[in-house]
Amino acid sequence: MSSRGIADKVAIVGMGCTQFGELWESSTEDLLLDAVGQCLTSAGVARDDVDAYWLGTLASGQSGLTLSRALGSDYKPVTRVENYCATGSESLRNACYAVASGAYDRVMAVGVEKLKDSGFSGLLRSDPPDDGTAPELSITAPAAFSMLDPAYCDKYGVPPAQMREAMTHVAWKNHVNGARNPKAQYRKEVPRATIEAAPKVAGRLGIFDCSGVSDGAAAALVVRAEDAYDYTDRPIFVKALALAAGPMSGGMDPAYDFTTFPEVVHSARDAYAQAGITDPRTQISLAEVHDCFTPTEIVLMEDLGFTAAGESWKDVLAGDFDADGRLPVNVDGGLKSFGHPVGASGLRMLYEAWLQLRGEAGKRQLADPHTALTHNLGGRPGGCVSFVSVVGNQRSA
């Protein structure tokens, strides 16, 4: 596989992110205008200075017209992309490649989703026609991800009570972090006892083990790295953009054991090679990962190389991934507390990296972070797409 990447060829010089939550009073266009407006203001750029846009949305728009109508962008190119829960990250990936190719000088990646007005009580899905035999379409997302818990316990000999304690810690941690974030959907800490006593959704997953259903939008302005300081004195530089789409065979493969996401392993390996990361445990300052369900975050710590196989639950309980731990994970609250408007989530993760690497994260600011990882997972165990980015606040010589 040849994946040379575009390390340090492009930079993020402006970002915007709306409040996430049940935003009944805001339309899709309102959210887009808010996120894009913040982004333009932070970079000191006028709307007409943006050459092209990439818009990510799962179901809140069917073409680039969704954004051009809101902005009145006067015939600028707008490309609409979708890749399950990695949709916002896909808009960023395409925008970065467009600038790195030399096609454009200034490009904006935008992500938006209005889930609360969709009429769905859970994560919005629109499955293709099927004869009823496709295993990946026969169960809900919570049911599919609930299988990670017993499979992990069985493979690694983890007592179920301790695994439950680790899952509870993930939810507790992310709500603690979200409580410090004024833009998060859920901004209150939740006691461990409340998490464990919550009504069950699927398997041992309770309500607090599942990410929030929300509305929101986010945006990033991308320029050539050599031009970055023309816009801001604190840009962040893109080190890696990696995407892996799996063969979707896990649901039919008896060898698949629900304790790893091979797509994540492949995308992380690619991203680290692009960015020159040899030890992610020590070279990454913070990570924003796809904690759609609490056992997902536990498994991701291993797939991303933050801990050894079968050891993640111990490190979670030891506080290694807390805001004051050795590798802070989801310091903005993650999907669990910040919420998950599908098309916006990947860019929301980048927004936290932007704030942290610029020293602007307020009460949750980490001490001198330099490199951040963002990760999205779209689909479900056995068949998914995985995106990993690495960004930093210094450009390599």
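For the structure, see preceding data.
This structure is a prediction, so every number in the text was calculated from the model and none was measured.

This part is about the overall build of the protein. Looking only at helices and strands, the protein features 13 helices and 11 strands. Over its C-alpha atoms the protein spans a radius of gyration of 20 Å, differing by no more than 12% from the 21 Å that the globule rule assigns to 397 residues. Along the first, second and third principal axes, the C-alpha atoms of the protein reach 55 × 45 × 45 Å. Taking all 397 residues of the protein together, the buried fraction comes to 59%. Taking contacts inside the protein between residues at least 6 apart in sequence as the whole, the part at least 24 apart equals 78%.

A few words on the pairing of strand E3 (residues 78–81). Taken residue by residue, a regular strand's side chains alternate between the two faces of the sheet. Where strand E2 (residues 52–56) meets E3, 4 bridges bridge the pair, whose relative direction is parallel. Looking at the pairing, Gly 56 lines up with Val 81 of E3. What joins E2 to E3 is helix H2 (residues 65–71), and the crossover it makes is right-handed.

Core analysis: the largest hydrophobic core is formed by 46 residues, its most contacted members being Met 163, Phe 261, Tyr 272, Ile 298, Leu 304, Phe 306 and Leu 373. By size, the runner-up hydrophobic cluster in this structure holds 41 residues, among which are Ala 109, Ala 220, Leu 366 and Ala 372.

This paragraph deals with the sheet that holds strand E8 (residues 236–245). On the basis of which strands lie adjacent, the open sheet formed by 9 strands has the order E3-E2-E4-E7-E1-E8-E11-E10-E9 and mixed pairing. Of all the strands in the sheet, the pair left with one neighbour each is E3 and strand E9 (286–288). Put simply, the sheet's adjacent strands are angled 25 degrees from each other on average, direction ignored. Relative to strand E11 (residues 383–392), strand E10 (residues 371–380) runs antiparallel, the two sharing 10 bridges. From the neighbouring strand, His 375 faces E11, where its bridge partner is Val 388. Packed onto the sheet, helix H8 (residues 262–275) meets E8, E10 and E11 and runs at close to 150 degrees relative to E8.

Attention shifts here to unusual backbone geometry. In the Ramachandran plot, Asp 74 falls in the positive-phi region, its phi being about 55 degrees despite a non-glycine side chain. Its location among the elements puts Asp 74 in the loop between H2 and E3. At Asn 330, a position not held by glycine, the phi torsion is positive, near 60 degrees. Its place among the elements puts Asn 330 in the loop between helix H11 (312–317) and helix H12 (334–338). Assessed through its relative accessible area of 0%, Asn 330 is described here as buried.

Below, the discussion takes up the state of the cysteines. With the rule as written, the count across this model stands at 0 disulfides. Sulfur of Cys 39: no disulfide; nearest cysteine sulfur belongs to Cys 17 and is 11 Å away.

Relative orientation of the contacting elements helix H3 (residues 87–100) and helix H13 (residues 342–358) amounts to 60 degrees, with a least axis distance of 5 Å. Residues Thr 87, Gly 88, Ser 89, Ser 91 and Leu 92 of H3 form the contact with H13, whose own contacting residues are Val 342, Gly 343, Gly 346, Leu 347 and Leu 350. Looking at the contact of H3 with H13 residue by residue, the class counts come to 4 nonpolar, 6 polar and no charged.

Between the first and last C-alpha of H13 there are 26 Å, a value that for 17 residues agrees with the 24 Å anticipated at 1.5 Å per step. Counting buried residues in H13 gives 17 out of 17 residues, a clear majority hidden from the surface. Taken from the residues just after H13, Gly 359 is the one with a positive phi, measuring 75 degrees.

Moving on to the packing of helix H5 (residues 148–156) against helix H10 (residues 294–303). Taken N-terminus to C-terminus, the directions of H5 and H10 make an angle of 45 degrees; their axes are 9 Å apart at the nearest point. Comparing their axes, H10 and H5 come out oblique. For the element pair H5 and H10, the recorded crossing hand is left-handed. Along the contact surface, H5 presents Leu 148, Asp 149, Tyr 152 and Tyr 156, while H10 presents Pro 295, Thr 296, Ile 298, Val 299 and Glu 302. The residue makeup of the contact of H5 with H10, split by class, is 6 nonpolar, 1 polar and 2 charged.

Mapped onto the elements, Ser 146 comes out in helix H4 (residues 141–146). A distance of 2.7 Å separates the side chain of Ser 146 from the backbone oxygen of Ala 143, its partner in a polar contact. With residues near it in sequence (within four places) discarded, Ser 146 still touches Ala 202, Gly 203 and Leu 205.

Burial within strand E1 (residues 10–17) is extensive, with 8 of its 8 residues counted as buried. In this structure, E1 lies alongside strand E7 (residues 215–224), joined through 7 bridges in antiparallel fashion. By the bridge assignment, Gly 16 is partnered in E7 with Ala 219. Taken together, the 2 bridges between E1 and E8 define a ladder with antiparallel strand orientation. What sits directly across from Ile 12, in E8, is Ile 236.

This part covers the packing of aromatic side chains. Under the counting rule described, the total for this entry stands at 7 aromatic pairs. Between the aromatic rings of Phe 145 and Phe 261, the centroid separation amounts to 6.2 Å while the plane-to-plane angle is 40 degrees, which identifies the pairing as tilted. Linking Phe 145 in helix H4 with Phe 261 in the loop between E8 and H8, this pair joins segments that are 116 residues apart in sequence. For the residue pair Phe 145 and Phe 261, the accessibility class agrees, reading buried in each case. Through a chain of ring-to-ring contacts, three or more aromatic side chains come together here, namely Phe 145, Phe 261 and Phe 293. Above the plane of the ring of Trp 172 lies Arg 192, whose end atom (NZ or CZ) is 4.0 Å from the centre.

About the cut-offs
Residues numbered from 1 in each chain as written. Predicted model: local features only at pLDDT ≥ 70, side-chain atom pairs only at ≥ 80, totals over all residues. Heavy atoms only, no water. Helix = DSSP H or I, 4+ residues; strand = E, 2+ residues; numbered from the N terminus. Rg over C-alpha atoms; globule rule 2.2 N^0.38 Å. Buried < 20%, exposed > 50% of the residue type's maximum accessible area, 1.4 Å probe, protein only. Contact = heavy atoms within 4.5 Å. Pairing = 2+ DSSP bridges. Right-handed = clockwise from strand over helix to strand, strands pointing away. Core = buried A, V, L, I, M, F, W, Y, C linked by side-chain atoms within 4.5 Å. Axes fitted to C-alpha atoms, helices over the stretch in contact; angles between N-to-C directions. Disulfide = S-S within 2.5 Å. Nonpolar A, V, L, I, M, F, W, Y, C, P; charged D, E, K, R; others polar. Expected span 1.5 Å × (residues − 1). Parallel < 35°, antiparallel > 145°, perpendicular 65-115°, else oblique. Left-handed = near helix turned anticlockwise from the far one by under 90°. Polar contact = N/O pair within 3.5 Å; in protein donor to acceptor, adjacent residues only side chain to side chain. Phe/Tyr/Trp six-rings, centres within 6.5 Å; stacked < 30°, edge-to-face > 60°. Lys NZ or Arg CZ within 6 Å of the ring centre and 35° of its normal.

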